[in-house]
Amino acid sequence: MNGMAFFVYVFPHLLGAFLRALLLKWKKGYLLSCVFALIAVIVWIWTKSLADHGTEGTILLWALMAIELTVGSCVVGGLSLLLKKRRKTPDLP
């Protein structure tokens, strides 16, 4: 995998997961995922207003990277929630 493919497709997932993992102890860490989702929505709306979609491919890449950042953050948040719920459920005899 070359550097550009890593930077566009893999790095945003890892960055979102890392940033969300840093805030696992904070009870309102889900706000980070909400901020990432809001940024993704804003960038996608921005791409719809472009005059020529062919020349502004980098903005479309930013939109894709924003979605991947959100997904990475939500995956870590979801796994954290599942692990917390699993620890709180009592074991059945």
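Description of the structure in this document. Predicted, not measured: the structure shown is a model, and the values here were computed from it.

Moving on, we get to the overall build of the chain. Tallying secondary structure elements over the chain gives three helices and zero strands in all. When the helices and strands of the chain are placed in sequence order, the string is α-α-α. For the chain, with 93 residues in total, the buried portion stands at 26%. Of the contacts formed within the chain by residues at least 6 apart in sequence, a portion of 60% connects residues at least 24 apart. Working note: accessible area of the chain is about 7,000 Å², and carbon and sulfur atoms make up 74% of it.

Our focus in this paragraph is the environment of Tyr-9. Considering the arrangement of structural elements, one finds Tyr-9 in helix 1 (residues 3-22). Residue class for Tyr-9 comes out partly exposed when judged on its relative accessible area of 44%.

The N-to-C vectors of helix 1 and helix 2 (residues 30-48) enclose an angle of 150 degrees; their axes lie 9 Å apart at closest approach. With respect to helix 2, the element helix 1 is oriented roughly antiparallel. Together, Gly-16, Leu-19 and Arg-20 of helix 1 and Tyr-30, Leu-32, Ser-33 and Phe-36 of helix 2 make up the contact between the two elements.

When the terminal C-alpha atoms of helix 2 are compared, their 28 Å separation across 19 residues agrees well with the 27 Å that a helix rising 1.5 Å per residue should span. Three or more residues of helix 2 are buried, namely Leu-32, Ser-33, Phe-36, Ala-40, Val-43 and Thr-47. The buried side chains of helix 2 occupy one side of the element, clustering within an arc of 100 degrees when seen end-on. Exposed and facing more than 90 degrees away from the buried side of helix 2 are Leu-38, Ile-42, Ile-45 and Lys-48.

Parameters at a glance
Residues numbered from 1 in each chain as written. Predicted model: local features only at pLDDT ≥ 70, side-chain atom pairs only at ≥ 80, totals over all residues. Heavy atoms only, no water. Helix = DSSP H or I, 4+ residues; strand = E, 2+ residues; numbered from the N terminus. Buried < 20%, exposed > 50% of the residue type's maximum accessible area, 1.4 Å probe, protein only. Contact = heavy atoms within 4.5 Å. Areas by Shrake-Rupley, 256 points an atom, 1.4 Å probe, with all protein chains shown as cover. Axes fitted to C-alpha atoms, helices over the stretch in contact; angles between N-to-C directions. Parallel < 35°, antiparallel > 145°, perpendicular 65-115°, else oblique. Expected span 1.5 Å × (residues − 1). Arc of directions from axis to C-beta.

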